[in-house]
Amino acid sequence: MKYSEFLDYLKTLGESHVNVKSVVMGDYEEILEMERTTIDYPCLWIETPSVIYQGDNDSVRQIYQGSLVVLHNNAAVHDPETARANLESTFDLAREILWRMTVHDNLFDIRGVRMDAIATLGNDNDQGWRFEFQIETDVTDDDCYIETNWT
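Now for a description of the structure that goes with this document. (Residues numbered from 1 in each chain as written. Predicted model: local features only at pLDDT ≥ 70, side-chain atom pairs only at ≥ 80, totals over all residues. Heavy atoms only, no water.)

**Overview of a nonpolar patch on the surface**
Rule in force here: Only residues whose relative accessible area exceeds 30% and that form no salt bridge enter a patch; like-charged residues are grouped when within 9 Å of one another, and nonpolar side chains (Val, Leu, Ile, Met, Phe, Trp, Tyr) when within 5 Å. The method behind every accessible area is Shrake-Rupley, applied with a 1.4 Å probe, and residues are considered shielded solely by the protein chains displayed. Note on definitions: salt bridges are taken to be side-chain nitrogens of Lys or Arg within 4 Å of carboxyl oxygens of Asp or Glu. For the purposes of this entry, the term helix denotes a DSSP run of H or I that reaches at least four residues, the term strand denotes a run of E that reaches at least two, and both are numbered from the N terminus. Whether a residue is buried, partly exposed or exposed follows from its accessible area with a 1.4 Å probe, protein chains only, as a fraction of its type maximum: under 20%, in between, or over 50%, in that order.
Judged by side-chain polarity, Tyr3, Val51 and Tyr53 come together as a nonpolar surface patch covering roughly 270 Å² of accessible area. Along the chain, the position of Tyr53 falls in strand S3 (residues 50–56). Its relative accessible area of 48% is what places Tyr53 among the partly exposed residues.

**Structural notes on helix H3 (residues 80–104)**
Put simply, the rule reads: In this analysis, the expected span of each helix is defined as 1.5 Å times one less than the number of residues it contains. Note on definitions: a residue-residue contact is assigned when non-hydrogen atoms from the two residues lie within 4.5 Å.
Taking 1.5 Å of rise per residue, 25 residues should cover 36 Å, and H3 covers 34 Å from first to last C-alpha, within 8% of that figure. Three or more residues of H3 are buried, namely Ala83, Asn86, Thr90, Leu93, Ala94, Ile97, Leu98, Met101 and Thr102. On the buried face of H3, the contacting elements are helix H1 (3–15), strand S2 (43–46), strand S4 (59–72), strand S5 (115–118) and strand S6 (127–138). Backbone geometry just after H3 places Asn106 at a positive phi near 55°.

**A closer look at the packing of aromatic side chains**
In this description, a pair of aromatic rings is defined by centroid distance and the angle of the planes. Where we set the bar: Working definition: rings of Phe, Tyr and Trp (its six-membered ring) pair if their centres are within 6.5 Å, and the pair is stacked with planes under 30 degrees apart, edge-to-face with planes over 60 apart, and tilted otherwise.
According to the stated counting rule, one finds six aromatic pairs in the structure shown. Judged by centre distance (4.3 Å) and plane angle (10°), the rings of Phe6 and Tyr64 are stacked. In this pair, Phe6 is assigned in helix H1 and Tyr64 in strand S4, connecting sequence segments 58 residues apart. For Phe6, a relative accessible area of 1% translates into the label buried. A residue is classified by how much of its surface remains accessible, and Tyr64, at 1% relative accessible area, is buried. Relative to Trp129, the ring of Phe91 lies with its centre 5.2 Å away and its plane at 70°, an arrangement referred to as edge-to-face.

**Description of the nonpolar core**
We apply this condition: Definition used in this section: a nonpolar core is a set of buried Ala, Val, Leu, Ile, Met, Phe, Trp, Tyr and Cys residues joined via side-chain atoms within 4.5 Å.
Counting residues in hydrophobic clusters, the biggest one holds 21 residues, and the most contacted among them are Leu68, Ile97, Met101 and Phe133. If you list the elements that add at least two residues to this core, you get H1, S2, S4, H3 and S6. Element by element, the count of residues in this core is highest for H3, at five residues. Formed by eight residues, the second largest nonpolar core is a distinct cluster that contains Val24, Tyr41, Leu71 and Ile118.

All we've got here are geometric facts, nothing functional implied.
This is the structure in structure tokens:
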């Protein structure tokens, strides 16, 4: 699977869910710049994935490693009921996305996946859930080395 195909899969995952109102791909600074201007909530935030290679020169695995975050717009600092409702709704949505990737699409094993709550002032008081994933793909020499590109 090419990197662009992998990113397209993640983006389509969010865009095809009826309860996800926007999809953001990028790092923390990017989502902070967009907050409250162009993001409709709940939002699927796709943190920029990393690529890891494992194996040896005869048998290489390419692993896409990243995180998905389901966020709801912030509750007031002194509004615990709204914060709790946001955490509950985003938990259900994050778990459903996780289920889609693991049980339905069979991209990785759900065993040991940890979902972490996001509910702090450091996150601009947004509420939501985050989980990490690792998706292994096959990779060949032909995928990674194009002989005609070398003189």
